[in-house]
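Examination of the molecular architecture
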Amino acid sequence: MVTIYDGKPGPSRREILKRGGIGALLVITGGAVISPQHAWGIEPLALKPQTMATLIQMARDIYPHDQLADKFYAIAVKTHDEQAAKDPAYKELIENGIADLDRKAGENGYSGLGWEDERVAVLKQIDTTPFFQTIRGGLVVGLYNQKEIWPVFGYEGESYSKGGYIERGFDDIEWL
Amino acid sequence: MAAPFDLNNDGVVVIIGSGAGGGTLGNELAQKGIDVVILEAGGRHEYEDFINDEWDSFAQLAWKDKRIASGDWRVARDFPNLPAWIVKAVGGSTVHWAGASLRFQEHEFKTLTTYGKLDDANLLDWPITLADLEPYYARAEDKMGVTRTNGIPGLPGNNNFKVLKAGADKLGYKECHTGRMAINSEERDGRMACQQTGFCFQGCKWGAKWSTLYTEIPKGEATGHLEVRPNSMAVKINHDDSGKVTGVVYADKDGKLQEQKARIVAVAGNSIESPRLLLNSNSSKFPDGLANSSGQVGRNYMRHTTGSVYAIFDKPVHMYRGTTMAGIVRDEARHDPSRGFVGGYELETLSLGLPFMAAFLDPGAWGRSFTTALDHYDHMAGLWIVGEDMPREDNRITLHAEEKDEHGMPIADVHFDDHANDTAMRNHAYKQSMALYDAVGATRSFPTPPYPSTHNLGTNRMSEKPEDGVVNKHGQTHDIKNLFVSDGSQFTSGGAENPTLTIVSLAIRQAEFIAGEMAAKNI
């Protein structure tokens, strides 16, 4: 199982410096991708940790929401690792897709491109490929159907148990 | 109470489908003492089982069996295996519908006469007029508890409606209100009033919205003359040497084929499944499928000219709170060719939750242009365009040449090309809707493409002459006296109005006809 777990103590600052970071946020250490700032980590089952980290960056570049932490993108892409563990062809699709992305991005790879616009330019070269469409398509449900992110967008979700909105602002607009 | 009928009972009326058409017809016949078996492909979920969650509810209720979408409509590209968003459950799409209950306008029954011959369109006048249907519209409105009829007050306006109304006023539209809705604005018929929950599409957990599931069906069952058989997927209608239909073969809950004998069969499986079943019931006597001497079964598929417009404001709206579709502008529903198209359209409030907004706002889109729209989800207002589309012979349901479902029945191919009139109407509606929101201070707006079809119509059209269509003015097939069509596939043309009220009215009228013909021993 891929595990995404909160509260894992991050590696020391020295270890981060030694191993190098993905952007400013994610760290590859051993078999895991770690977010030291936000105290969570992910241990992929089948995909390389570096692949997982790049997938997370790619997910954010496809559906960028600056107010969402990396954790939600990590949760959204972990199904690809689970699928890769069951299906070698799927694993190849993802690993080759990321390798291709890195190649197109130049010597420092996809995650080495500092500006979102630079990374998006690379994504636009591949946005009709099955790899890209698999990742993008999976995110539509994988990202936006996480109940934890709904409040960030001001969506309140289920309302029946609260009696609907009849007493809770269905007509509370005041600025018209 | 719900009488279980024997498979060999050949005195029953078998209805395929339990939605607006089938569920209503079943109850109306049962009330007259006629024995009815309804075969429903889906399961039975009572309203307390509904789920206030878009994807979970979709999994519970939607018709997800594979279909193919083809043609130049964008749905074929975005949702190649989901041309329609309809329901597979007892109650059919009356579980999912939003409640808008509008009568057709007089001219919409006479499109060929009113619009004249249009290139690439297969317009035809209905064999009935508004006057013929008016008494049945009145009974349907009473049965369904439609607001703004029968002294029933309108629903209160929610935030999304208030934005619509403010924009409509600024544009000078005159007919804008909270709609004629089959959703209780006050307790009625043993069902409670709307609690403004905002999940109309996911099945109303209060039972405030009319659905055959908890109105017609239990009322029919209480007579002892109606049996609803869930998880029963009809695959073929049988007939005898004389050409009369004799029974329906269906796959039961275990996938085992059964045959329910019948005196009369009424097909009400929605405009994709109904023609699919008739086509799949071909035989040496009827090589092109049942009731298809005209060649019109499956043709003239209509799905309304639709689209949505969402707009972002600098202050919050919370459009998702409250009754989803209780808001309408009717001024553009008129026929006025000076706008560059025939027929008209309605603008109705609409909202999606965040998960479905992500899936439907601009399917396939990605990047900041898309995500910054969602970032302002709680500042959004939205509306749906529903207008008359042109019937076209080549817009049609066919049986797929190779792919079959789990019961060995060919899956449906749903082909649709937009007519130039559809495109002109949609563009006009986008422009008007964006102007409406601009007038209230929208900072950005989105002309959103059509969703998978919810209004599927016309594939077994009504016609005066047998060569022009599949059924007569009572929904009785021209070719086979004891075979009827009872859903929206009867529609000769689509009108600008949400179709459910018309389907229910036709079903009430058809029940009278069937009872009369049975009493006269004609069928």
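Residues numbered from 1 in each chain as written. Chains lettered and ligands numbered in written order. Predicted model: local features only at pLDDT ≥ 70, side-chain atom pairs only at ≥ 80, totals over all residues.

**Some remarks on the overall build of chain A**
Helix and strand counts for chain A come out as seven helices and five strands. Element order for chain A, N to C, with α for helix and β for strand: β-α-β-β-β-β-α-α-α-α-α-α. The burial tally for chain A puts 38% of its 176 residues in the buried class. By sequence separation, contacts in chain A at least 24 residues apart represent 62% of the contacts at least 6 residues apart. (Helix = DSSP H or I, 4+ residues; strand = E, 2+ residues; numbered from the N terminus. Buried ≥ 20, exposed ≤ 12 C-beta atoms within 10 Å, placed from the backbone. Contact = placed C-beta atoms within 7 Å.)

**Considerations on helix α5 (residues 130–144) of chain B**
Residue and element names in this part refer to chain B. The principal kink in α5, of about 30 degrees, is found at tyrosine 136. Three or more residues of α5 are buried, namely Leu133, Tyr136, Tyr137, Ala140, Glu141, Lys143 and Met144. Glycine 145 lies just past α5 and shows a positive phi near 70 degrees. (Bend = angle between axes of the 7 residues up to and from the residue.)

**Description of the nonpolar core**
Counting 190 residues, the largest nonpolar core has Ala59(A), Val13(B), Val14(B), Val36(B) and Val265(B) as its most contacted members. Broken down by element, this core gets its largest block of residues, eight residues, from helix α12 (residues 500–519) of chain B. Setting aside its immediate chain neighbours within four residues, Val36(B) contacts Val12(B), Val13(B), Ile15(B), Gly26(B), Leu29(B), Ala30(B), His225(B) and Leu226(B). (Core = buried A, V, L, I, M, F, W, Y, C linked by C-beta atoms within 7 Å.)

**As for unusual backbone geometry**
All names here are of chain B. Even without being a glycine, glutamine 196 presents a positive backbone phi close to 60 degrees. Residue position: glutamine 196 is located in the loop between β4 (176–177) and α7 (216–222). Glutamine 196 sits in the buried class, given 24 other C-beta atoms within 10 Å. You will see that histidine 304, though not glycine, has its phi angle at about 65 degrees, which is positive. Mapped onto the secondary structure, histidine 304 falls in the loop between α8 (270–280) and β10 (305–312).

**Overview of the sheet that holds strand β7 (residues 245–251) of chain B**
All names here are of chain B. Strand order in the open sheet formed by three strands is β6-β7-β8, with antiparallel pairing between adjacent strands. The open sheet is flanked by β6 (233–239) and β8 (257–261), the only strands paired with a single partner. Taken over all neighbouring pairs, the strand axes of this sheet differ in orientation by 25 degrees on average, direction set aside. Pairing analysis gives five bridges linking β7 to β8, with the strands arranged antiparallel. The residue of β8 that forms the bridge with glycine 247 is lysine 261. (Pairing = 2+ DSSP bridges. Axes fitted to C-alpha atoms, helices over the stretch in contact; angles between N-to-C directions.)

**Considerations on the interface of chain B and chain A**
Taken together, the contact between chain B and chain A spans 35 residues of the former and 28 residues of the latter. Of all elements in the fold, only α6 (159–171), α9 (354–360) and α10 (368–375) of chain B reach the threshold of two or more residues within the side of chain B that touches chain A. Within the side of chain B that touches chain A, the residues separate by chemical class into 14 nonpolar, 13 polar and eight charged. (Nonpolar A, V, L, I, M, F, W, Y, C, P; charged D, E, K, R; others polar.)

**A short note on the pairing of β6(B)**
Sheet topology places β6(B) next to β7(B); six bridges connect them, and they run antiparallel. Paired with Ile237(B) across the two strands is Val248(B), which belongs to β7(B).

**Topic: the pairing of strand β15 (residues 410–415) of chain B**
All names here are of chain B. Taken together, the three bridges between strand β3 (residues 68–70) and β15 define a ladder with parallel strand orientation. If you follow isoleucine 68 over to β15, its bridge partner there is aspartate 413. Here strand β14 (residues 396–404) pairs with β15 via five bridges, running antiparallel. Following the sheet pairing, threonine 398 is matched in β15 by aspartate 413. Hairpin connection, β14 to β15: the antiparallel pair is bridged by five residues, and glycine 408 has positive phi, about 85 degrees.

**Considering the sheet that holds strand β17 (residues 483–485) of chain B**
All names here are of chain B. Spatially, the five strands line up as an open sheet ordered β5-β2-β1-β9-β17, and their pairing is parallel. Single-partner strands in this sheet number two, and they are β5 (226–229) and β17. Adjacent strand axes in the sheet meet at a mean angle of 20 degrees, parallel and antiparallel pairs treated alike. Inspection of the sheet shows strand β9 (residues 264–267) paired to β17 by three bridges, in the parallel sense. Residue pairing for β17: valine 265 is matched across the bridge by leucine 483.

**Quick word on the confidence of the model for chain A**
Chain-level statistics for chain A give a pLDDT mean of 88 and a share of 86% at 70 or above. In the model, residues 6–23 of chain A has pLDDT below 50 throughout and makes 30 contacts with residues more than four positions away in sequence or in other chains. (pLDDT = per-residue confidence, 0-100.)

**Points about the packing of helix α2 (residues 49–62) of chain A against helix α4 (residues 88–105) of chain A**
To characterise two packed helices, one gives the angle between the axes of the helices and the distance between these axes. All names here are of chain A. At their nearest, the axes of α2 and α4 sit 10 Å apart, and the two run at 70 degrees to each other. When the interaxial angle is binned, α2 and α4 end up roughly perpendicular. Classified by chirality, the crossing of α4 by α2 is left-handed. Contacts from Thr51, Thr54, Leu55 and Met58 of α2 reach α4 at Ile94, Glu95, Ile98 and Leu101. For the contact of α2 with α4, the per-class residue count stands at five nonpolar, two polar and one charged. (Parallel < 35°, antiparallel > 145°, perpendicular 65-115°, else oblique. Left-handed = near helix turned anticlockwise from the far one by under 90°.)

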